Amino acid sequence: MIQERLKQIVDTCFLQGVESGKWSDKAAGKYSLEVPKREGQGDYSTNMAMVMAGIEKKNPREIAASVIELLEKQDIVEKLEIAGPGFVNIFLKPKVWHDVLQPALAAGAEFGKSSVGNNRKVMVEFVSANPTGPLSIGHGRQAILGDAIAKLLEATGHDVYREYYFNDAGRQMRVLGESTKARYLELLNREAQFPEDGYQGEYIRDIAQSLIDDKGDSLVDSPDVLPFTERAVELIFKDISGTLKDMGIVFDNYFNEHTLYDDGHIESVVQELRDKGLVYEKDDATWFKTTDLGHEQDRVIIKKTGEPTYRLPDIAYHREKFRRGFDWLVNVLGSDHIATVPDVLAGVEALGYDPKKVTVVLHQFVTLTRNGKQVKMSTRKATFVTVDELLDLVGPDVLRFYLMMRKPDSQLEFDLDLATSQEKDNPVYYVQYGHARICSILRRAEESGIYTIDPSTADLSLLQEPEELQLLKRIASFPASIEEAALDLAPHRAIFFLMELAGDWHSYYNKHKVIDPENIDIAVTNARLCLVTGLQQVFKNGLEMLGLNAPERM
RNA sequence: GGUCCCGUAGCUCAGUAGGAUAGAGCACUAGAUUCCUAAUCUAGGUGUCGCGCGUUCGAAUCGCGCCGGGAUCACCA
């Protein structure tokens, strides 16, 4: 907000320079206004003079002097200086920072939200695990990441729809049914042959047991695996949605791949591509001519057996997303799906939709360590750690926080020992404690009965400590930080913002008293209470935007 | 072999529309609490930003080439 205002001022000065013949307009849009990394280098800094120096072939410091002349007249500017190779450092008047508090408090729960999204309809598709077993930690990362992205997009004015895409047919499911049947027979002491590539998890036995409970041994001679598959899918889905619910995630829709077949979308996609000359037959299979679209090789979309490969329903599914009126599709996928992305995008484009409206967030794997050693995971062998187990161990907030603390591109190391034993030195609690601490102070203030929290009557100019100005700057930058995290689809940025905020706040708390019974200064305390209330709002809104709790006591 | 991601402090990681002296947490050491919650704070860092070359006023960041780790390259999903 302040940055935008200052940017306009700087741009205006630049134009004045152009008009008065000091420099040409060639540097327009090329310079930037940013927050310097180091203290003492101003609230903001612009590299305008250096950028112009290259273009105008002049000494950057001389140009900087001219820039300063123009900026000096601005009323929000306190001080200006030329630094380093030609930066212009801008120091703003403290009043500028004091003035952020009142609007922030007035905005309340809305503070930090924005409308940059313009109500754009965006679908976030994530998890999309087929029902073959409980959610593993890898799914957990995706679930948390997808949900956090969705929440951030909501906070920035997007119309968000969460969807889970799944397939409960095909080979995978047959194996699942066969595995269940084998366990069923085993539990009834019958001869059973467990499939070689079957699912070995204990949950399969539970499913078999539920069939025994309901139907006894009546399925022993069933030649069909369907009853087993159906029961398995039903129970596993119940388990998955329960887990998601425990993580605080609710989908707007579960989309079954089957509807694409039932409604004829698969066929119509093939037909449409065929009409465009992008489909041909070879070796009894049907191929998608992706080489015409700049790819290295063509891909099979319908196998010899007559069954489509995954590509075809995927393409049809994306067309449906567009047809349903979404104009931005965000797909959160594990990096193992990387090879599927170009084919789907090619399909989307061939069908006349804009592939730029599809954004794929690929996240790397979660590596699990226990006793300092990496744990290898496989769903089939059931040597994975489930989200349920982790939720039991560390609780939803810690799990969520850890899983979104890293950028999606990085592998994420989840140290089981650390997560379970290290309860206190946890960044989650560090941030949450920041909030709880403020709540405690505010309770204290209320009990005292002598303080009031009202930014319109408080003398905010009493907030003169450098730490106080720093906190005000943090508050001021909150909306922009959220916007940045949202548009970059990078929840970890919001996490880092909160950790830095908490660091500044805890530091301030230890150095200065908000309420000091030994040295009662009502005016100062009232001003500080306004500051802390603003901070509380930022903590609360920030935590909640990421799906985390903001506890009032700890 | 092709494509994508990663390589930054002992460990886990931030840091891209190129910016000034490269950061945080953990771990380790020494301190701080009669009073707003010590789940906190303060002080302590000599890092080939994997290596090399290039682009330019300026590179962890951009380009090219290597090295190392991971993912992926089906008529599986």
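Remember, predicted model here, so these are calculated numbers, not experimental data.

## Comments concerning the overall build of chain A
- For chain A, the count of helices and strands is 19 helices and 15 strands.
- Dimensions along the principal axes, computed over C-alpha positions, put chain A at roughly 90 × 65 × 40 Å.
- Here chain A, with 554 residues, has 51% of them falling under the buried criterion.
- Within chain A, contacts between residues at least 6 apart in sequence are counted, and of these 73% link residues at least 24 apart.
- Total accessible area on chain A stands at roughly 26,500 Å², and carbon and sulfur atoms take up 46% of it.
- Computed over 64 positive and 86 negative side-chain charges, the separation of the two mean positions in chain A equals 4 Å.

## As for the pairing of strand β6 (residues 159-166)
- Of all the eight residues making up β6, six are buried; the element is thus mostly covered by neighbouring parts of the structure.
- Sheet topology places strand β5 (residues 121-125) next to β6; five bridges connect them, and they run parallel. From the neighbouring strand, Glu125 faces β6, where its bridge partner is Glu163.
- In this view, the connection linking β5 to its parallel neighbour β6 by way of helix α6 (residues 137-155) has right-handed handedness.
- Of the strand pairs in this sheet, β6 and strand β7 (residues 253-256) are connected by four bridges, and their pairing is parallel. Note on β7: the bridge partner recorded for Glu163 is Asn253.

## Observations concerning the side chain of Asn167
- Relative to the elements of secondary structure, Asn167 occurs in the loop between β6 and α7 (171-187).
- A polar atom in the side chain of Asn167 sits 3.4 Å from the side chain of Glu257.
- With residues up to four places along the chain from it excluded, the contact list for Asn167 reads Asn130, Pro131, Met173 and Glu257.

## Points about the protein's contact with RNA strand B
- The full set close to RNA strand B counts 60 residues, and Arg38, Lys303, Tyr430, Tyr433 and Ser440 are the nearest of them.
- A share of 65% of the atoms of RNA strand B within 4 Å of the protein falls on sugar and phosphate groups.
- Taking His512, its main chain carries an N or O atom lying 2.9 Å from a base nitrogen of RNA strand B.
- For the surface near RNA strand B, the secondary structure elements donating two or more residues are β4 (87-92), β9 (285-288), β15 (412-415), α16 (427-448) and α18 (491-511).
- With eight residues, α16 is the single largest residue contributor to the surface near RNA strand B.

Each value, and the rule that gives it
- Residues numbered from 1 in each chain as written.
- Chains lettered and ligands numbered in written order.
- Predicted model: local features only at pLDDT ≥ 70, side-chain atom pairs only at ≥ 80, totals over all residues.
- Heavy atoms only, no water.
- Helix = DSSP H or I, 4+ residues; strand = E, 2+ residues; numbered from the N terminus.
- Buried < 20%, exposed > 50% of the residue type's maximum accessible area, 1.4 Å probe, protein only.
- Contact = heavy atoms within 4.5 Å.
- Areas by Shrake-Rupley, 256 points an atom, 1.4 Å probe, with all protein chains shown as cover.
- Lys, Arg positive; Asp, Glu negative; His and termini not counted.
- Charge placed at Lys NZ, Arg CZ, Asp CG, Glu CD.
- Pairing = 2+ DSSP bridges.
- Right-handed = clockwise from strand over helix to strand, strands pointing away.
- Polar contact = N/O pair within 3.5 Å; in protein donor to acceptor, adjacent residues only side chain to side chain.
- Near = heavy atom within 4 Å.

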